[in-house]
Amino acid sequence: MVMRVLILTGGTVEENFAKDYISKWNPDQVITADKGLLYAKRLNIKPDIILGDFDSSNKDIMQEISTDKKSSVPCEKDDTDTGLAIQKAIETGADEILMIGGTGTRLDHVMGTFGQLFYAHSKGVKAELVDANNRIRVLNHEDTISKKDQFGKYVSLIPIYEARGVTLTGFKYPLKDHTLVFEQSLAISNELEAEEGIINAYYYKSVDSVDGDFIYKINVHTKEDEAYLSQIMRKPLTIYGMTISMKSETGAFSVSEDSSLSAVSSAEMQTLLMTI
């Protein structure tokens, strides 16, 4: 069974929209972060967990809510209240997280909340940040969007640093094996033409290679690369600036001394932030 956790946090909340969206999403658990507790009261939602430093809302409201799981944290700390709420949701076993109240006038907090989407993604948890005009989530490798489930008219893809091999099918502006970079706005405001749109990026697989006391982690970018590496290579293979060879006597891959692992470290960031 999928566990859904709603996080109400202290940004801007359009209450009529939030009430309808939350009702349809049907969360199993509700966590409020700071001013999110006030929104919970207005929406007539009982939180399961209350946390925050309450620098943006009255602490007295905390006493009005009946729950055993209340946590007041100091204003000076290493995480935002939203960040703490995301961590708590994952600790409690969330499979999916919906954040409402994570957008608003504080752009620094909004961008920090984008980072929390990536944190949840890194833990294998699907997370979405939603307001009345936007739905934002992290994609990796492949995803399908259907018109019947689409949120709004436009689909935008924002690469975090760089995304290679991006192919868009079923869109008004298709792409084929394209490299998207953060400093360009090519993939903003696309639209679905087919009933379903398919987003693909490069295939990834990590290969752990042991050579003596060293372990190399090699990012394999395509299925063709994996096919090469699965064979016993008779000559070194160069992929994105790394020369990789196999020791036939041990079957271990090794990276040449003049190659730098940092040369491809940016490839690990080939994740897309999608707004629909």
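Conventions adopted
Residues numbered from 1 in each chain as written. Predicted model: local features only at pLDDT ≥ 70, side-chain atom pairs only at ≥ 80, totals over all residues. Heavy atoms only, no water. Helix = DSSP H or I, 4+ residues; strand = E, 2+ residues; numbered from the N terminus. Buried < 20%, exposed > 50% of the residue type's maximum accessible area, 1.4 Å probe, protein only. Contact = heavy atoms within 4.5 Å. Pairing = 2+ DSSP bridges. Axes fitted to C-alpha atoms, helices over the stretch in contact; angles between N-to-C directions. pLDDT = per-residue confidence, 0-100. Phe/Tyr/Trp six-rings, centres within 6.5 Å; stacked < 30°, edge-to-face > 60°. Core = buried A, V, L, I, M, F, W, Y, C linked by side-chain atoms within 4.5 Å. Arc of directions from axis to C-beta. Salt bridge = Lys/Arg side-chain N within 4 Å of Asp/Glu carboxyl O.

## Some details on the overall build of the chain
In terms of helices and strands, the chain carries 6 helices and 18 strands. Counting all 276 residues of the chain, 47% fall into the buried class. Counted over contacts in the chain with a minimum sequence separation of 6, partners at least 24 positions apart contribute 56%.

## Section: the sheet that holds strand β12 (residues 196-200)
Read from one edge to the other, the open sheet built from 4 strands follows the order β8-β12-β10-β11, with strand pairing classed as antiparallel. Two strands bound the open sheet, and with one partner strand each, they are β8 (142-146) and β11 (175-181). Neighbour-to-neighbour, the strand axes of the sheet open up by a mean angle of 25°, direction not taken into account. Bridge count between strand β10 (residues 162-169) and β12: 3 bridges; the pairing is antiparallel. Bridged to Thr-169 within β12 is Ile-198.

## Re the confidence of the model for the chain
Confidence in the prediction for the chain averages 76 pLDDT; 63% of positions are at 70 or higher. Here residues 203-220 is a poorly scored stretch, pLDDT under 50, and it has 53 contacts once near neighbours within four places are set aside; other chains count. Per-residue pLDDT stays below 50 along residues 246-270; that stretch engages in 58 contacts with residues further than four places along the chain or on separate chains.

## Focus on the packing of aromatic side chains
Throughout the structure, instances matching the rule amount to 3 aromatic pairs. Consider the rings of Phe-17 and Tyr-21, whose centres lie 5.4 Å apart with planes at 40°: the pair is tilted. Of the two residues, Phe-17 and Tyr-21 are both situated in helix α1 (residues 15-25); the distance of 4 residues between them amounts to about one turn of the helix. Residue class for Phe-17 comes out buried when judged on its relative accessible area of 16%. When the ring of Phe-17 is compared with that of Phe-151, the centres are 6.1 Å apart and the planes differ by 75°; the resulting orientation is edge-to-face. Taken together, the residues span a long stretch of sequence, with Phe-17 in helix α1 and Phe-151 in the loop between β8 and β9 (156-159) at a distance of 134 residues.

## Looking at the nonpolar core
Ile-7, Ile-31, Ala-89, Ile-97, Met-99 and Leu-117 are the most contacted members of the largest nonpolar core, which has 19 residues in total. Elements supplying a minimum of two residues to this core: β1 (4-8), β2 (29-33), β3 (49-52), α4 (81-91), β5 (96-100), α5 (107-122), β6 (126-130) and β7 (135-139). If one sorts the elements of this core by residue count, α4 sits on top with 3 residues. Ignoring any residue separated from it by four or fewer positions in sequence, one finds Ile-7 in contact with Ile-31, Ala-85, Ile-86, Ala-89, Ile-97, Leu-98, Met-99 and Ile-100. One finds Val-13, Phe-17, Ile-22 and Ile-45 within the second-largest nonpolar core, a separate group that totals 17 residues.

## Notes on the environment of Gly-93
With respect to the secondary-structure elements, Gly-93 resides in the loop between α4 and β5. Sequence separation between Gly-93 and Arg-4 is 89 residues, and the spatial gap between their C-alpha atoms is 9.0 Å.

## A short note on the pairing of β11
In regular strands, side chains alternate between the two faces of the sheet. As paired elements, β10 and β11 share 4 bridges and run antiparallel to each other. Directly across from Leu-168, in β11, lies its bridge partner Leu-175. Once β10 ends, the chain turns through 5 residues before running back antiparallel as β11, passing Gly-170 with a positive phi of about 90°.

## Here's the deal with α1
Listed in full, the buried residues belonging to α1 are Phe-17, Ala-18, Tyr-21, Ile-22 and Trp-25. All buried residues of α1 fall inside an arc of 115° around its axis, so they share one side. Across from the buried face of α1, at angles greater than 90 degrees, the exposed residues are Asn-16, Ser-23 and Lys-24. In this fold, the buried residues of α1 make contact with β1, β5, β6 and β7. At the exit of α1 stands Asn-26, carrying a positive phi of roughly 60°.

## Observations concerning the pattern of salt bridges
Between side chains of opposite charge, a pair can form as their charged atoms come close. Enumeration over the complete set of coordinates arrives at 9 salt bridges. The partner of Glu-91 in a salt bridge is Lys-88, and the shortest N-O contact between them spans 3.6 Å. Here the residue Glu-91 and the residue Lys-88 both occupy positions in helix α4, the gap between them amounting to 3 residues, near one helical turn. Under the relative-accessibility criterion, Glu-91 is labelled exposed at 60%. Residue Lys-88 is classed as partly exposed on the basis of its relative accessible area, which comes to 30%. Between Glu-162 and Arg-164 there is a salt bridge, with the nearest N and O atoms lying 2.7 Å from each other. Like Glu-162, the residue Arg-164 is buried in the burial classification.

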